[in-house]
Amino acid sequence: MLEQLLIFTRGGLILWSCKELINALKGSPIDNLIQSCLLEERSSAASYNYDGPGAAYTLKWTFHNELGLVFVAVYQRILHLLYVDELLAMVKREFSEIYDSKRTVYNDFDETFRQLRKEAEARAEELKKSKQVSKPLSNGKKQGQVQKTGFEGGNMKKSEGALANDGGDGDNRKGGKLENGHSNGNHVDIGGSKVNGSVNGVENTSSNGGAFDVNKLQKLRTKGGKKTETVVSKGSKVEPKKKVTKKNRVWDDSPRQEKLDFTDSVGENGDHIEVVAADHGESMMDKEEILSSESESEEDEEVGKDSKPETKKKGWFSSMFQSIAGKANLEKSDLEPALKALKDRLMTKNVAEEIAEKLCESVAASLEGKKLASFTRVSSTVQAAMEEALVRILTPRRSIDILRDVHVAKEQGKPYVVVFVGVNGVGKSTNLAKVAYWLQQHKVSVMMAACDTFRSGAVEQLRTHARRLQIPIFEKGYEKDPAIVAKEAIQEATRNGSDVVLVDTAGRMQDNEPLMRALSKLISLNKPDLVLFVGEALVGNDAVDQLSKFDQKLADLSSSPSARLIDGILLTKFDTIDDKVGAALSMVYISGAPVMFVGCGQSYTDLKKLNVKSIVKTLLK
């Protein structure tokens, strides 16, 4: 049963909803659809599944881009209603005829919707009955066809005659079965009587290949024997070499150093050296990045270059007339060349192919049916729509002001806990130290927690950063449970009055289930305020796999019903990628989490915010 059908504008004004469907929706499926799908350019998907408290809904929608209307149908996921797509198309057609931009109430549409719904349900019932009747007939004919082809061997003419005598309806049903099924490459030409069957093909090849030349086989055997003899004879002459042991190189006559760990601030005579925290300068997080006007002029030149081939193809007069008069309605064929060029451009900027394709499909869905304005080209319209979409995706939907959240937690008498997660070698420990330095500059007391008890040297590395920044560190050594270490660190920070606890974790691949289970335990046990995924800006398609599997594993392996997923992203090595900034877009699109920090160097000050306008201009340049 249909739960609800809504018609609203792109601005969010509800124009009409079905009053007959009085069932109150549990949760907020419409809000989730807008936030998670429509605003994030995922509108090219066929449907959206909503899991709320005590409810599981499927939502389907369609757009009227020229009028700026959205039509949404909601129904129980378990029902699998067949008439929803047709009903939405009919409602869209009928409502667009009576739509007036000045009206806000459409009570007269209730009777129209009632009739449309009855028509759609009746058609669905007829389709269901026809399928049930056609199933036994098609099965019987299919079995007969299998028997015929089986006994006839490779006779192609007989199988053609058998198919031709079955009539047109039988051909259509069998054609659909073969095309949609898992037969081995069978091709059915429904319009004619040509059938290429894989069964006959296999039998023909097996019958032809049954006769073989015995002399060739004997020659092959003799060749193989000669080769093996030569290999054995050569091997017998070679004597086994003795292993040469490498001697240790002695550089000078000085005695061997007993201690190799220089992370402790201890002098040669064992005296304790007091390290003074050096001022490394102002963090780039607090500096505003200024965009130059050169990038804008370069972008305009690129748009002009891209539009030149299109004008050559269409001709001077036709392109001039279309730019003056404007096109009636944009069609998919008009958008395809510009979208293909945009997709290629995004992929050259290191955007994952899957993400680039979905973005182009979403932009096409938002532009199809719109009227092209005068003195505008299709390429510039598509580019402007893509720019709006990218800005909307990369702009955070919630506050990412960590300093404000730290002060709120401080007023509640508890430390603000940040957990750094990610794969191996992306720079979690280094960027943790950068975040600690930035917080320290804002007079926030920080404590580090060395919860990477897996990698050799991880504790010593974090201890070195803590000593240089004069920040306390909580450590328990190696081979300990990281979840327990983090819990004790939070307790210690509460006693000492530290404002923030930065938890360092071991790097792990997204497919390593034991380590992912340990990470899920750490997060569910300690309930951190922020889970930061640290990822490289160098990755392309792998960014999608990493983030999606991290989120999926954290959700699957969580012991609590409301699983904690990734809250934010820290992009590292941003200074090494030049204009290949697509990883930021791929990560934000697949996870929905904002980019909160960007690492752009080796020093403690090399940490900055993501400049959305700069990234979008670089992607489309």
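This is a predicted model, so every value here is computed, not measured.

### Considerations on the overall build of the chain
Here's step 1: Scanning the chain for helices and strands turns up 20 helices and 15 strands.
Here's step 2: A burial count over the chain gives 40% of its 621 residues as buried.
Here's step 3: Looking at the chain alone, contacts between residues at least 24 apart form 73% of all its contacts between residues at least 6 apart.
Here's step 4: Counting every atom, the chain has about 35,800 Å² of accessible surface; 52% of that belongs to carbon and sulfur.

### Structural notes on the sheet that holds strand β13 (residues 568-572)
Here's step 1: Spatially, eight strands are ordered β10-β9-β11-β8-β12-β13-β14-β15 in an open sheet, and the strand pairing comes out mixed. Edge positions in the sheet fall to β10 (473-474) and β15 (607-608), since each has one partner strand and no second.
Here's step 2: Pairing of strand β9 (residues 446-450) with β10 involves two bridges; the strand directions are parallel. Bridge pairing in β10 links Ala449 to Phe474.
Here's step 3: Against the sheet, helix α14 (residues 428-441) engages β8 (416-421), β9, β11 (500-504), β12 (530-536), β13, β14 (595-599) and β15, with an angle of about 170° to β11.
Here's step 4: On the sheet, helix α15 (residues 458-469) packs against β9, β10 and β11 and is oriented at approximately 165° with respect to β9.

### What about a nonpolar patch on the surface?
Here's step 1: A contiguous nonpolar surface patch, about 330 Å² in accessible area, is contributed by Met1, Ile78 and Leu79.
Here's step 2: Locating Leu79 in the fold gives a position in the loop between β5 (69-76) and α2 (84-98).

### Considerations on the UniProt feature "domain: SRP54-type proteins GTP-binding" (unreviewed entry) in the chain
Here's step 1: UniProt records the feature "domain: SRP54-type proteins GTP-binding" (unreviewed entry) for residues 594-607 in the present numbering.
Here's step 2: Along residues 594-607, the helical share is 0% and the strand share 43%, with 16 Å between the first and last C-alpha atoms.

The rules behind these values
Residues numbered from 1 in each chain as written. Predicted model: local features only at pLDDT ≥ 70, side-chain atom pairs only at ≥ 80, totals over all residues. Heavy atoms only, no water. Helix = DSSP H or I, 4+ residues; strand = E, 2+ residues; numbered from the N terminus. Buried < 20%, exposed > 50% of the residue type's maximum accessible area, 1.4 Å probe, protein only. Contact = heavy atoms within 4.5 Å. Areas by Shrake-Rupley, 256 points an atom, 1.4 Å probe, with all protein chains shown as cover. Pairing = 2+ DSSP bridges. Axes fitted to C-alpha atoms, helices over the stretch in contact; angles between N-to-C directions. Patch = residues over 30% accessible without salt bridge, like charges linked within 9 Å, V, L, I, M, F, W, Y side chains within 5 Å. Salt bridge = Lys/Arg side-chain N within 4 Å of Asp/Glu carboxyl O. UniProt positions renumbered as here; feature names shortened; annotations may be inferred.

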